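# Topology and contacts: notes
Listed below, chain by chain, are the residues.
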Amino acid sequence: MSMKSIIDETFLLNNETARRLYFEHAEKLPIIDFHNHLNPQEIYEDRSYANMTEVWLGGDHYKWRAMRAMGYPEELVTGRIIEKSEGMAGRTPEENSEGYAEAGEGLAGNSLDYRRFAAYAATVQNCVGNPLYHWTHLELKRYFDIDDALCPETAETIWNKCNALLQTEAFTTRNLLRKQKVRVLCTTDDPVDDLKWHGLLREEGSDISVRPSFRPGNVLDIEKGTFVSYINRLSEVSGIKITDVDSLLEALRIRLKFFIENGCRVTDHSLETDFFRETTEDEVNDIFTRRMAADRDKEGNSVCNLTVDETAAFKGYILSELGRMYADEGLAMQLHIGAIRNNSERMFRALGADTGFDSINDYNYAPQLAALLNSMDVTDQLPRTILYYLNPKDAAMLMTMAGNFQGNVQGIKGKIQLGSAWWFNDHKSGMQYQLQALADMGVLSTFIGMLTDSRSFLSFPRHEYFRRILCNLVGTLVENGEYPKDMEFLGRIIENICYYNAEEYFRL
């Protein structure tokens, strides 16, 4: 017997005030998703998907991590077969997948795509308290109108119904976005990208505004073996011969202008190691020159010849100069802080980056961040800045850090933001914790709201998830007598957080 899904009208809305705030204000609003990893080419081409495995398990490291925790072989997780190293104990993929596709028979049961879907169905049933359980059933309900809980007993029926719908015109990438009222989305793009697909969408006059985000991580990552070859590529694309820091910044300025011409309103930076040391232009020029002249290893990658302090000095100098450019152009600067990446060397070699082997770092960086922000603020050239923590220990530090730099003559509300609960924090308790930290030490009503940070076109019900949690938090404060029941004013606050604050903040 199938079990009904937990998704109903009152999901996460635990009192009458919360329900009124959600249904009268939050539910009706469109979506601005200002940070995701969607492929703009797939949007332009209005791609269709063959089946649920392709649209759901392709690139989703959240699901992959859970499936690995259940002991599934990589063949059922990413579709790749990882050969066992010599002497490695363990079961074969065939042994591991035994019994995990019992819901299906015949062609469906024997296909790798179906076996992967069935393995995820068994996984998600075990995800008690994990956001995957909530996301999965929100997506099944909002896109496919499915009220059954996903489990091995329902997997084949849900597989067949969803796949049939995916073959219809209503389930192309653009129509999936329209189903969730996505008005604006900002992809993540490298300075050397040609932004071809963004340009074609803009020329076409698409009803969904697809904007690039400027992410110059390859410029900042001076310690990486690919740094020299990347700088040569940037030189080629920008038309600037890069010989020193000034010419490097000029090349970045040219590419930034190009991004702005193509609708860019936001930039993005991932800070994972020390990122600021006091320095001078002469010192940074010396660091850059020595790095560009570094020897190469047998694989052709340049070998970093710098100290940790030198790489931090370079990163901080370039970040400060970029921030000044962003301030001049009215752009927002996102700082995503605290990931430690590619921890399993074995799996990185087999699968590459962004495949589910990253985690939360625990380094301390408050003095560096204060110095970085101050280096721009001291000349009143600190841009709108969004500070995201990956380690929850940093929430209060970042919220109080934001308060140091809120003052501005432009009248920007919430100029320095505590970013939404990101990556390993975008679950119910993580969102509640982030919202409470913002309310405790800042002004909740200035918050610019949620984003997906996703590679999946089915991820947009996460905005509904956030909105329900937000309304329940505010509704509970009211019901507890901690804030007046001024529904008109509270409604405006909810609407601003869910949509209008972001529209104003990013100048959309």
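A brief look at the structure comes next. (Residues numbered from 1 in each chain as written. Predicted model: local features only at pLDDT ≥ 70, side-chain atom pairs only at ≥ 80, totals over all residues. Heavy atoms only, no water.)

This paragraph deals with the nonpolar core. Formed by 157 residues in total, the largest nonpolar core has its most connected members in M52, F144, L248, I318 and L369. In terms of residue count, helix α23 (residues 487-505) provides more of this core than any other element does, nine residues in total. Sequence-distant contacts of L369, that is, excluding residues within four places in its chain, are made with F275, L335, I337, L387, L398 and M401. (Core = buried A, V, L, I, M, F, W, Y, C linked by side-chain atoms within 4.5 Å. Buried < 20%, exposed > 50% of the residue type's maximum accessible area, 1.4 Å probe, protein only. Helix = DSSP H or I, 4+ residues; strand = E, 2+ residues; numbered from the N terminus. Contact = heavy atoms within 4.5 Å.)

Our focus in this paragraph is the pattern of salt bridges. This model, assessed by the stated rule, comprises 34 salt bridges. In this structure, the salt-bridge partner of E24 is R20, at a minimum N-O distance of 3.2 Å. A residue pair is termed a helical-turn pair when its members lie 3 or 4 positions apart in one helix, as E24 and R20 do in helix α1 (residues 16-26) at four residues. By relative accessible area, E24 is classed as partly exposed at 39%. Given the relative accessible area of 30%, R20 is considered partly exposed. Ionic pairing is found between E321 and R324, a salt bridge with its closest N-O pair at 3.0 Å. Taken together, the residues span about one helical turn, with E321 and R324 both in helix α17 (residues 308-329) at a distance of three residues. (Salt bridge = Lys/Arg side-chain N within 4 Å of Asp/Glu carboxyl O.)

Moving on: the sheet that holds strand β3 (residues 209-211). The sheet built from three strands is open, its strands ordered β1-β2-β3 with parallel pairing. Bordering the open sheet on either side are β1 (31-33) and β3, each of which pairs with just one other strand. This sheet shows a mean twist of 10° between the axes of neighbouring strands, independent of strand direction. The pairing of strand β2 (residues 182-186) with β3 spans three bridges and is classified as parallel. Note that in β3 the partner of V184 across the bridge is S209. (Pairing = 2+ DSSP bridges. Axes fitted to C-alpha atoms, helices over the stretch in contact; angles between N-to-C directions.)

This part covers the packing of aromatic side chains. Describing an aromatic ring pair means giving the distance of the ring centres and the angle of the ring planes. For the coordinates displayed, the defined rule picks out 27 aromatic pairs. Ring geometry for F34 and F506: centres 4.8 Å apart, planes at 40°, overall tilted. Here F34, found in the loop between β1 and α2 (40-44), pairs with F506, found in the segment after α23; they are 472 residues apart in sequence, far enough to count as distant. In this pair, the class of F34 matches that of F506, namely buried. Aromatic side chains F117 and W159 sit 5.2 Å apart centroid to centroid with 50° between the ring planes, which places their arrangement in the tilted category. Here F117 is found in helix α8 (residues 112-125), whereas its partner W159 is found in helix α10 (residues 155-166), with 42 residues between them in sequence. You can call F117 buried: its relative accessible area is 1%. Through a chain of ring-to-ring contacts, the aromatic side chains of W56, Y114, F117, Y120 and W159 assemble into a single cluster. One cation-aromatic arrangement involves K179 over F171; the distance from NZ or CZ to the ring centre is 4.4 Å. For the cation-ring pair, R468 lies above Y22, with the distance from its terminal atom to the ring centre recorded as 4.5 Å. (Phe/Tyr/Trp six-rings, centres within 6.5 Å; stacked < 30°, edge-to-face > 60°. Lys NZ or Arg CZ within 6 Å of the ring centre and 35° of its normal.)

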